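One letter stands for each residue in the lines below.
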Amino acid sequence: MGSARFGAADAGLASAQPFSLGGGPRFAALPITVARIVVKRDRLVCDVRVTPGFSQEVTPRLAAAVRTRFPQIEGHACVNEVGDTFGAVMDRASLPHLLEHLVIQLQAEAWERASPSNPLASPGAFVGVTEWVDREEGIARIQLGYRDDMVALAGLRDAVAFVNESL
Ligand SMILES: [Zn+2]
């Protein structure tokens, strides 16, 4: 019964990794997995992994799916080398950078559904930063501002699913 002593610690880890590979290696072939999420007072810190062997950048198929489902995303404000919107770099953005903007968009849409006149019902109300931690291993850190952590976590889950289905 030695393992029972670690039950509480395991549960704590599980709550910090809601989208980990809980099902085991049969899911290991998903292009994107979330390795770790830390909910801070003002932001989520999400470590995601692009599985080696998959494109680390937006593919033409994925870009087309984004333009169909999330046409607003190209107009998001974005600090990048080319322009001042995400549209300036979307076709060659990293997958984690795309995820950042998808979660921002999904948060704005969630607030819009809840109360259309709320100032939070706009992508401009949310900030995000993405950086590679280890590009060779495909590990990136996405930091996302939120006003409701559950809305942001649901957005992250949906954004990851969307990319995994559309890549
Ligand atoms: Zn950006």
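Reading guide: rules and limits
- Residues numbered from 1 in each chain as written.
- Predicted model: local features only at pLDDT ≥ 70, side-chain atom pairs only at ≥ 80, totals over all residues.
- Axes fitted to C-alpha atoms, helices over the stretch in contact; angles between N-to-C directions.
- Helix = DSSP H or I, 4+ residues; strand = E, 2+ residues; numbered from the N terminus.
- Parallel < 35°, antiparallel > 145°, perpendicular 65-115°, else oblique.
- Left-handed = near helix turned anticlockwise from the far one by under 90°.
- Contact = placed C-beta atoms within 7 Å.
- Nonpolar A, V, L, I, M, F, W, Y, C, P; charged D, E, K, R; others polar.
- pLDDT = per-residue confidence, 0-100.
- Core = buried A, V, L, I, M, F, W, Y, C linked by C-beta atoms within 7 Å.
- Buried ≥ 20, exposed ≤ 12 C-beta atoms within 10 Å, placed from the backbone.
- Pairing = 2+ DSSP bridges.

(A) A look at the packing of helix α3 (residues 95–114) against helix α4 (residues 149–166). The geometry of α3 relative to α4 is characterised by a closest axis approach of 8 Å and an angle of 130° between their N-to-C directions. By the angle between their directions, the pair α3 and α4 is classed as oblique. Crossing handedness for the pair α3 and α4: right-handed. From α3, Leu95, Leu98, Leu99, Leu102, Val103, Leu106, Gln107 and Ala110 reach across to α4, where they touch Val151, Ala152, Gly155, Leu156, Asp158, Ala159, Val160, Phe162 and Val163. Residue composition of the contact of α3 with α4, by class: 14 nonpolar, two polar and one charged.

(B) Region of the structure containing the confidence of the model for the protein chain. Averaged over every residue, the pLDDT of the protein chain is 87; residues scoring 70 or more account for 83%. Predicted confidence is poor over residues 1–18, with pLDDT under 50, and the contacts of this stretch with residues over four places away or in other chains come to six contacts.

(C) Spotlight on the nonpolar core. Counting 36 residues, the largest nonpolar core has Cys46, Leu99, Leu102, Val103, Leu156, Ala159 and Val163 as its most contacted members. If you list the elements that add at least two residues to this core, you get β1 (32–39), β2 (43–50), α2 (60–69), α3, β4 (139–145) and α4. Broken down by element, the residue count for this core peaks at nine residues, all from α3. Setting aside anything within four residues of it in sequence, one finds Leu99 in contact with Val48, Ile142, Ala159, Val160 and Val163.

(D) Up close: the sheet that holds β4. Spatial strand order, β1-β2-β4-β3: four strands in an open sheet with antiparallel pairing. The open sheet has two edge strands, β1 and β3 (128–134), and neither has a second partner. Strand-to-strand, the axes of this sheet are offset by a mean angle of 20°, without reference to chain direction. The pairing of β2 with β4 spans seven bridges and is antiparallel. Bridging across to β4, Arg43 finds its partner in Gly145. α4 contacts β1, β2 and β4 of the sheet and is inclined by roughly 170° relative to β1.

(E) Looking closely at the pairing of β4. Covered by surrounding structure in β4 are Ala140, Ile142 and Leu144 only, the residues Ile139, Arg141, Gln143 and Gly145 on the alternate face being uncovered. Here β3 runs beside β4; their pairing, made up of six bridges, is antiparallel. Bridge pairing in β4 places Thr130 opposite Ile142. In this antiparallel pair of consecutive strands, β3 and β4, the connection spans four residues, and Gly138 shows a positive phi of 80°.

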